[in-house]
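Each chain is listed here by its residues.
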Amino acid sequence: MAIRTLAVAAMLVVTGLSAPAAFAEKYASIVIDKDTHEVLHARNADDPRYPASLTKVMTLYMLFDAINAGDVSLDEKLTVSRFAASQAPSNLKLKPGSTISVSDAIGALVTKSANDVAVVIAERLGGSESRFAQLMTVKGKSLGMQNTRFVNASGLPDDRQITTARDLAILAEAMIDDHGESYHYFSRPRFTWAGKTYKNHNELLDSVDGVDGIKTGYTRASGFNLMTSAKRDGHRIIAIMLGGSTSKSRNAHVEALVEAAFKSYELPADPADPGRRIAMAFSEFNTTTANPNGAAVPMLNGKPLGALQPTTTTLRGLTAAPKAPEAKVEEVVEVAVEEDEETAEDASEILMADAGPASDESMEFEQGDATPTSFVGATVVIPAGRPAFTVGEYEARQFGN
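Bear in mind that the values here come from a model prediction, so they are computed numbers and not experimental data.

S.K.: Would you take a moment to explain empty space enclosed by the protein for this structure?
M.R.: Gaps left between atoms are located by rolling a probe of water-molecule size over the structure's atoms. The final tally for this structure, using the stated rule, is 3 cavities of 30 Å³ or more. Lining the largest cavity are 13 residues, and of these Tyr50, Gly155, Leu156, Pro157 and Asp158 sit closest to its centre.

Here's what the structure looks like:
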């Protein structure tokens, strides 16, 4: 039974905005054995976090679903809308009315992490980005991602777009299990578009034995994120780390997590204490230090992360306790420039709300049409002549009821 169907209850601790001491840190991590589904290490694994560009793994999962269903082909040309072309960097600077093939769109998301391309895919599959995000959320829940909500296809800053390290591990496992034939895209070293070549941001592909995917992410609010998987000596592990203070510290930390996982397989088993070898391998990470990777309190454009109301949920196939209403959080986007992972140039993964100097003043930022709080009655527009159906009907299909 996979991790996405394990009976792991995830309690989300909720606090009001008036209690800064209770805010969660940015850092969270989890390491699982892909084959046995054993959790080798977990820290803050069920606390709410911002996914940043790890969102695009779900966007690609949905695209691979459509390809396998015969609804989309790799050589299909996708048309770029004005809204898609307006997306902030990182992007390919696509022009309204131009086209990009599905094959190139995959390469652009995996390597360049292009936000304009993410919206192109979303509009093709869902009719609009917000409706596609609803489908992403529903699909995620069907996989077991009970504490994840998507409101856009790229991971651009939005305090409503929340996930957990455990949910992202579920997504990584689902990608490998359900789309193993397409997983190779995540090890693609580079992508060329319009005469320019973009290098994959996942530097562990070149430096850590066995690493073959999958995605990095960064916003100022999330910190430096990494979802990775590695196979060595017959074992495959999945490691998620969120909230790194720099790309280099993130990479070093995830490399250490990966090495600890494989080290655990080499240590002698203790029949009297089966978990001893894992505890020994990960001993340096089992610290109560408040901030193991130099990450600050998670902020979205100068405001603390809005915590969710207390709720206990379990993974797919199990009963979940009813959720209390979510705390209302002021949705404000500051005019700010995000720092690049490697340089200040457009050569790495940048996610920013808009361009301009940092300011204490705030302004509303139009991300697209609003995502309804409830899916009930929302109509999902499916392009290419396919009949429209409600999100409720889609959810029923996904859950088989």
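Moving on from the coordinates now.
S.K.: Hey, could you run me through the nonpolar core in this one?
M.R.: Nonpolar side chains in soluble globular proteins tend to end up buried together. Within the largest apolar cluster, 62 residues are counted, with the highest numbers of intra-cluster contacts made by Met58, Leu60, Leu92, Val117, Met227 and Ile240. Elements with a minimum of two residues in this core: β2 (28-33), α1 (55-68), α3 (102-112), α4 (115-126), α5 (129-143), α6 (165-178), β6 (190-193) and β10 (235-244). In terms of residues, this core owes the most to one element, α6, which gives 9 residues. Among residues more than four places away in sequence, those in contact with Ile240 are Ala28, Ser29, Ile30, Ala165, Leu168, Ala169, Leu226 and Met227. Counting residues in hydrophobic clusters, the runner-up holds 22 residues, among them Leu205, Ala230, Ala239 and Met241.

S.K.: Just checking my understanding: could you explain the side chain of Arg49 for this structure?
M.R.: Along the chain, Arg49 turns up in the loop between β3 (39-43) and α1. For the buried Arg49, no salt bridge exists, and the shortest N-O distance to an oppositely charged side chain is 4.2 Å, to Asp47. Separated by 2.9 Å, the side chain of Arg49 and the backbone oxygen of Tyr27 make a polar contact.

S.K.: How should the side chain of Asn202 be read in this particular structure?
M.R.: Within the secondary structure, Asn202 sits in the loop between β7 (196-199) and α7 (204-207). The exposure class assigned to Asn202 is buried, which follows from its relative accessible area of 1%. Among all residues touching Asn202, those that are not within four sequence positions of it are Val211, Gly213, Ile214, Lys215, Thr216, Leu226 and Thr228.

S.K.: Explanation requested: the pairing of strand β8 (residues 211-219) in the structure shown.
M.R.: Strand residues, when the strand is regular, have side chains that alternate between the two faces of the sheet. Here β8 lies mainly inside the structure; 8 of its 9 residues are buried. Summarising the sheet, β8 and strand β9 (residues 223-232) pair through 8 bridges and their orientation is antiparallel. By the bridge assignment, Thr216 is partnered in β9 with Leu226. Linking two consecutive strands that pair antiparallel, namely β8 and β9, is a turn of 3 residues.

S.K.: How do you make sense of the environment of Glu38 when you look at a structure like this?
M.R.: By the secondary structure assignment, Glu38 is in the loop between β2 and β3. On the basis of relative accessible area, Glu38 is assigned to the partly exposed category, the value being 32%. Along the chain, Glu38 and Ile237 lie 199 residues apart, while their C-alpha atoms are 9.7 Å from each other. Once residues within four sequence positions are removed from consideration, Glu38 is found in contact with Val31, Ile32, Asp33, Arg277 and Ile278.

S.K.: What's the story with the UniProt feature "binding site: substrate" (unreviewed entry) in the protein chain in this structure? I'm lost.
M.R.: Here the UniProt-annotated "binding site: substrate" (unreviewed entry) positions come out as Lys215. Inspection of the secondary structure assignment puts Lys215 in strand β8. Polar contacts involving the side chain of Lys215 include one to the side chain of Ser113, which spans 3.0 Å.

S.K.: Hey, could you run me through the sheet that holds β8 in this one?
M.R.: Across a sheet, paired strands are connected by hydrogen bonds in the backbone, their directions being either parallel or antiparallel. Across the sheet, which stays open at both edges, the 5 strands sit in the order β3-β2-β10-β9-β8 with antiparallel pairing between neighbours. Sheet topology places β3 and β8 at the edges, where each strand pairs with a single neighbour. In this sheet, neighbouring strand axes are inclined to one another by 5° on average, regardless of whether the strands run parallel or antiparallel. Direction of pairing for β2 relative to β10: antiparallel, over a ladder of 6 bridges. Along β10, the bridge assignment pairs Val31 with Ala239.

S.K.: It is not clear to me how the environment of Ala85 should be interpreted in this structure. Could you clarify?
M.R.: Checked against the element boundaries, Ala85 lands in helix α2 (residues 82-85). Sequence separation between Ala85 and Gly97 is 12 residues, and the spatial gap between their C-alpha atoms is 9.1 Å. When sequence neighbours within four positions are dropped, the list of residues in contact with Ala85 reads Val80, Leu94, Lys95 and Pro96.

S.K.: For this particular structure, what's the right way to read the packing of aromatic side chains?
M.R.: The description of an aromatic ring pair rests on the distance of the ring centres and on the angle between the ring planes. Under the counting rule described, the total for this entry stands at 5 aromatic pairs. Relative to Tyr185, the ring of Phe64 has its centre 5.9 Å away and its plane inclined at 15°; by these criteria the two rings are stacked. On the criterion of sequence distance, the pair formed by Phe64 in helix α1 and Tyr185 in the loop between α6 and β6 is long-range, its members being 121 residues apart. We classify Tyr185 as buried; its relative accessible area is 14%. Here the aromatic rings of Phe262 and Tyr265 are separated by 6.2 Å at their centres, their planes lie at 55°, and the arrangement is tilted. Here Phe262 and its partner Tyr265 are both found in helix α8 (residues 247-266), 3 residues apart, which amounts to about one turn of the helix. When its relative accessible area of 4% is taken as the criterion, Phe262 is described as buried.

S.K.: How do you make sense of the pattern of salt bridges when you look at a structure like this?
M.R.: Two side chains with opposite charge may pair up if their charged atoms get near one another. Summed over the entire model, instances satisfying the criterion amount to 10 salt bridges. Of the charged contacts, one joins Glu259 and Arg232 as a salt bridge, the two residues approaching to 3.1 Å between their closest N and O atoms. Of this pair, Glu259 sits in helix α8 while Arg232 is found in strand β9, placing the two residues 27 residues apart along the sequence. According to the relative accessible area criterion, Glu259 is partly exposed, its value standing at 33%. Taken together, the shared-partner salt bridges connect Asp209, Arg232 and Glu259 into one network.

Parameters at a glance
Residues numbered from 1 in each chain as written. Predicted model: local features only at pLDDT ≥ 70, side-chain atom pairs only at ≥ 80, totals over all residues. Heavy atoms only, no water. 1 Å grid on protein atoms, 1.4 Å probe; cavity = no way out; pocket = protein on both sides within 12 Å on 5 of 7 lines; lining within 4 Å. Points joined across faces, edges and corners; volume = space filled by probe spheres on them. Core = buried A, V, L, I, M, F, W, Y, C linked by side-chain atoms within 4.5 Å. Buried < 20%, exposed > 50% of the residue type's maximum accessible area, 1.4 Å probe, protein only. Helix = DSSP H or I, 4+ residues; strand = E, 2+ residues; numbered from the N terminus. Contact = heavy atoms within 4.5 Å. Lys, Arg positive; Asp, Glu negative; His and termini not counted. Salt bridge = Lys/Arg side-chain N within 4 Å of Asp/Glu carboxyl O. Polar contact = N/O pair within 3.5 Å; in protein donor to acceptor, adjacent residues only side chain to side chain. Pairing = 2+ DSSP bridges. UniProt positions renumbered as here; feature names shortened; annotations may be inferred. Axes fitted to C-alpha atoms, helices over the stretch in contact; angles between N-to-C directions. Phe/Tyr/Trp six-rings, centres within 6.5 Å; stacked < 30°, edge-to-face > 60°.

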